Amino acid sequence: MTDTWIILGATSAIARAFARTQAQSGCGLILCGRDFTDMEATAADARARGAAFVEVAAFDARQPETFAPILALTPGLSGMVNCAVFVGSMPEQGEMDADPALIEGCVTDSYTGPARFLTMLAPLMEQRGGGAIVGVGSVAGDRGRLGNYVYGSAKAGFATYLSGLRNRLARSGVHVMTVKPGPVDTAMTWGLPSMPFMTSPAGVVADILKGLKKQRNVIYTSGIWRIIMTVIRLVPEPIFKKMKI
Ligand SMILES: NC(=O)c1ccc[n+]([C@@H]2O[C@H](COP(=O)([O-])OP(=O)(O)OC[C@H]3O[C@@H](n4cnc5c(N)ncnc54)[C@H](OP(=O)(O)O)[C@@H]3O)[C@@H](O)[C@H]2O)c1
């Protein structure tokens, strides 16, 4: 029996690092995204590392018609079907302030698109009676702040969605883990001013694997962000609204 990971947002550096580890464990991979050249390179690497099989599939969070063909790949699979969501986009807050039409895309990429896909996947996982979902949120979702409150609100929505999905799927033996990274050195943060406690894609994946092993519900990566965000959430609103963080 071979377990399979459906990886949404397979072109993310964190997703690529995750795919490598699952390929080495002999899992099957369904790499889903928009950039086939990038995904074919990851697929070739995964096959070389020992993946049981690798499929590459179109996934666009803004085009829900791309979702069903991915699910159509699952009925013939023998083991557990798992899903890891790395999809998200973080347009500059200033650009969205100037052009509110951009908000919808950010929210679709970071919340509603993945949530709609997972809602379609959930009954299939319930039927199989197991498997795991890894949903990547962000510390930005823990409190709205000046620099990225639209992206943060989308990630907050996704985290709340995952919490409810966890509640639902736990009854069927499916584990849902929410991952809240602080800054990670990837394309998303490239060119932005330097950020504290930045971690690497490999560091995030190491924390994800540890979390899955321990069946954690919500993890922060790196772990220090749990403490930082606890403090940030405790700052009283009259003070917080004057802060620039
Ligand atoms: N980097 C950080 O500091 C940080 C911190 C906290 C959370 N995160 C989260 O970590 C996850 C991975 O991000 P990353 O840092 O690796 O940055 P990234 O390289 O920008 O990854 C984002 C991924 O989302 C995909 N995506 C965006 N819009 C999409 C759409 N409409 N349809 C399908 N795929 C779409 C991108 O695909 P394309 O290659 O096709 O654009 C890419 O695979 C994201 O959910 C992000 O929000 C990142």
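Data block above holds the structure.
Residues numbered from 1 in each chain as written. Predicted model: local features only at pLDDT ≥ 70, side-chain atom pairs only at ≥ 80, totals over all residues. Heavy atoms only, no water.

Counting through the fold element by element, Thr199 comes out in the loop between strand 6 (175–181) and helix 7 (201–213). Setting aside residues up to four positions removed in sequence, Thr199 forms contacts with Pro183, Val184, Asp185, Val204, Thr221 and Ser222. (Helix = DSSP H or I, 4+ residues; strand = E, 2+ residues; numbered from the N terminus. Contact = heavy atoms within 4.5 Å.)

Moving on, we get to the pairing of strand 4 (residues 81–85). The element strand 4 is extensively covered by neighbouring structure, given that five of its five residues are classed as buried. Neither face of strand 4 is left uncovered, since the one carrying Val81, Cys83 and Val85 and the one carrying Asn82 and Ala84 both have all their residues buried. Where strand 1 (residues 4–8) and strand 4 come together, five bridges link them in parallel fashion. Residue pairing in the sheet places Ile7 in a bridge with Ala84 of strand 4. (Buried < 20%, exposed > 50% of the residue type's maximum accessible area, 1.4 Å probe, protein only. Pairing = 2+ DSSP bridges.)

With that settled, the discussion passes to the pairing of strand 7 (residues 218–221). In regular strands, side chains alternate between the two faces of the sheet. Two elements, strand 6 and strand 7, share four bridges in a ladder whose sense is parallel. Residue pairing in the sheet places Lys180 in a bridge with Tyr220 of strand 7. Each parallel crossover has a hand, and for strand 6 linked through helix 7 to strand 7 it is left-handed. (Right-handed = clockwise from strand over helix to strand, strands pointing away.)

A few words on helix 2 (residues 36–49). Across its 14 residues, helix 2 extends 19 Å between first and last C-alpha, which sits within 8% of the 20 Å expected from 1.5 Å per residue. Within the span of helix 2, buried status applies to Met39, Thr42, Ala43 and Ala46. One side of helix 2 holds all its buried residues, which, seen down the axis, span an arc of 105 degrees. Every exposed residue of helix 2 that faces more than 90 degrees away from the buried side is listed here: Thr37 and Ala48. (Expected span 1.5 Å × (residues − 1). Arc of directions from axis to C-beta.)

This paragraph deals with a nonpolar patch on the surface. On the surface, Ile239, Met243 and Ile245 cluster together into a nonpolar patch covering about 250 Å² of accessible area. What makes Ile245 partly exposed here is its relative accessible area of 41%. (Patch = residues over 30% accessible without salt bridge, like charges linked within 9 Å, V, L, I, M, F, W, Y side chains within 5 Å. Areas by Shrake-Rupley, 256 points an atom, 1.4 Å probe, with all protein chains shown as cover. Salt bridge = Lys/Arg side-chain N within 4 Å of Asp/Glu carboxyl O.)

This part is about the site of the ligand. Not every one of the 27 residues close to the ligand is listed here, only the nearest: Thr11, Ser12, Tyr151, Val184 and Thr186. Here a nitrogen atom of the ligand sits 2.8 Å away from a polar atom, N or O, in the side chain of Asp109. Lys155 has a polar side-chain atom sitting 2.8 Å from an oxygen atom of the ligand. For the ligand, the protein covers 88% of the area, taking 880 Å² as the surface of the free molecule. Of all the secondary structure elements, the ones that give two or more residues to the shell around the ligand are helix 1 (13–24) and helix 6 (149–169). Here the residues of the shell around the ligand sort into 13 nonpolar, nine polar and five charged. (Near = heavy atom within 4 Å. Polar contact = N/O pair within 3.5 Å; in protein donor to acceptor, adjacent residues only side chain to side chain. Nonpolar A, V, L, I, M, F, W, Y, C, P; charged D, E, K, R; others polar.)

So far we have only geometry, and geometry alone does not tell us how the molecule works.
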